[in-house]
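Descriptive analysis of the structure
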Amino acid sequence: QVQLVESGGGLGQAGGSLRLSCAASGRTANSRAMGWFRQAAGKEREFVAAIRGSTYYADSVKGRFTISRDNAKTTVYLQMNSLKPEDTAVYYCAAARYGSGSLRVRDEYDYWGQGTQVTVSS
């Protein structure tokens, strides 16, 4: 089992920055690829970023968001810069299944956090 707890959401301004954190615990937490997804009101949950040695980003956030992981691999971060109102969503941290491929698909993830709200005002 892996437990994930997100923090750092809140209200941001367009053009500003926020940093999300995801604390991971459990026997296999530090050996899994990790990802961030988001779900805006009335929309499907969508891929944002993932890390597995290399990093992967959705086109909509590339160049603005950065995913990183601490050396112990127990915390994953999402640094969000140049925020836009369309970044408003609930952001979820997720731990991937072993052997996952692209890391861009929800079904590749076994464990999810409870989500943290990010609201960007214009």
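Criteria and cut-off values
- Residues numbered from 1 in each chain as written.
- Predicted model: local features only at pLDDT ≥ 70, side-chain atom pairs only at ≥ 80, totals over all residues.
- Heavy atoms only, no water.
- Helix = DSSP H or I, 4+ residues; strand = E, 2+ residues; numbered from the N terminus.
- Rg over C-alpha atoms; globule rule 2.2 N^0.38 Å.
- Buried < 20%, exposed > 50% of the residue type's maximum accessible area, 1.4 Å probe, protein only.
- Contact = heavy atoms within 4.5 Å.
- Areas by Shrake-Rupley, 256 points an atom, 1.4 Å probe, with all protein chains shown as cover.
- Lys, Arg positive; Asp, Glu negative; His and termini not counted.
- Charge placed at Lys NZ, Arg CZ, Asp CG, Glu CD.
- Polar contact = N/O pair within 3.5 Å; in protein donor to acceptor, adjacent residues only side chain to side chain.
- Salt bridge = Lys/Arg side-chain N within 4 Å of Asp/Glu carboxyl O.
- Phe/Tyr/Trp six-rings, centres within 6.5 Å; stacked < 30°, edge-to-face > 60°.

Next up on the list: the overall build of the chain. Each helix and strand counted, the chain has zero helices and eleven strands in total. Listing every helix and strand of the chain by position from the N terminus yields β-β-β-β-β-β-β-β-β-β-β. Relative to a compact globule of 122 residues, whose C-alpha radius of gyration would be 14 Å, the chain shows 13 Å and is just as compact. With respect to the three principal axes, the spread of C-alpha positions in the chain is 40 × 25 × 25 Å. In the chain, which comprises 122 residues, the proportion classed as buried is 45%. Nonlocal contacts in the chain, meaning residues at least 24 apart in sequence, comprise 60% of its contacts between residues at least 6 apart. On the chain, roughly 6100 Å² of surface is accessible, and the fraction owed to carbon and sulfur atoms is 46%. Between the centroid of the 15 positive side chains of the chain and the centroid of its 10 negative side chains there is a distance of 4 Å.

For the rest of this paragraph, the subject is the side chain of S100. Mapped onto the elements, S100 comes out in the loop between β9 (89–96) and β10 (109–112). A polar atom in the side chain of S100 sits 3.1 Å from the backbone oxygen of E108. Setting aside its immediate chain neighbours within four residues, S100 contacts R52 and E108.

Scanning all chains against the criterion turns up six salt bridges. Of the charged contacts, one joins R38 and D87 as a salt bridge, the two residues approaching to 2.9 Å between their closest N and O atoms. Of the two residues, R38 sits in strand β4 (residues 34–39) while D87 sits in the loop between β8 (75–80) and β9, which places them 49 residues apart along the sequence. An identical accessibility class is assigned to R38 and D87; each is buried. R64 serves as the salt-bridge partner of D87, at 2.8 Å between the closest nitrogen and oxygen. Highlighted residues: D87 in the loop between β8 and β9 and R64 in the loop between β6 (54–57) and β7 (65–69), separated in sequence by 23 residues. Pair check on accessibility: D87 and R64 agree, each one buried. Among the charged side chains, a salt-bridge network with shared partners connects R38, E46, R64 and D87.

Moving on: the packing of aromatic side chains. All told, the structure shown has four aromatic pairs when counted by the stated rule. Taking the centre distance of 5.7 Å and the plane angle of 75° together, the rings of F37 and F47 count as edge-to-face. Taken as a pair, F37 in strand β4 and F47 in strand β5 (residues 46–52) lie far apart in primary sequence, ten residues in all. The buried category is assigned to F37, whose relative accessible area is 1%. With centroids separated by 5.9 Å and ring planes inclined at 55°, the aromatic side chains of Y109 and W112 adopt a geometry described as tilted.

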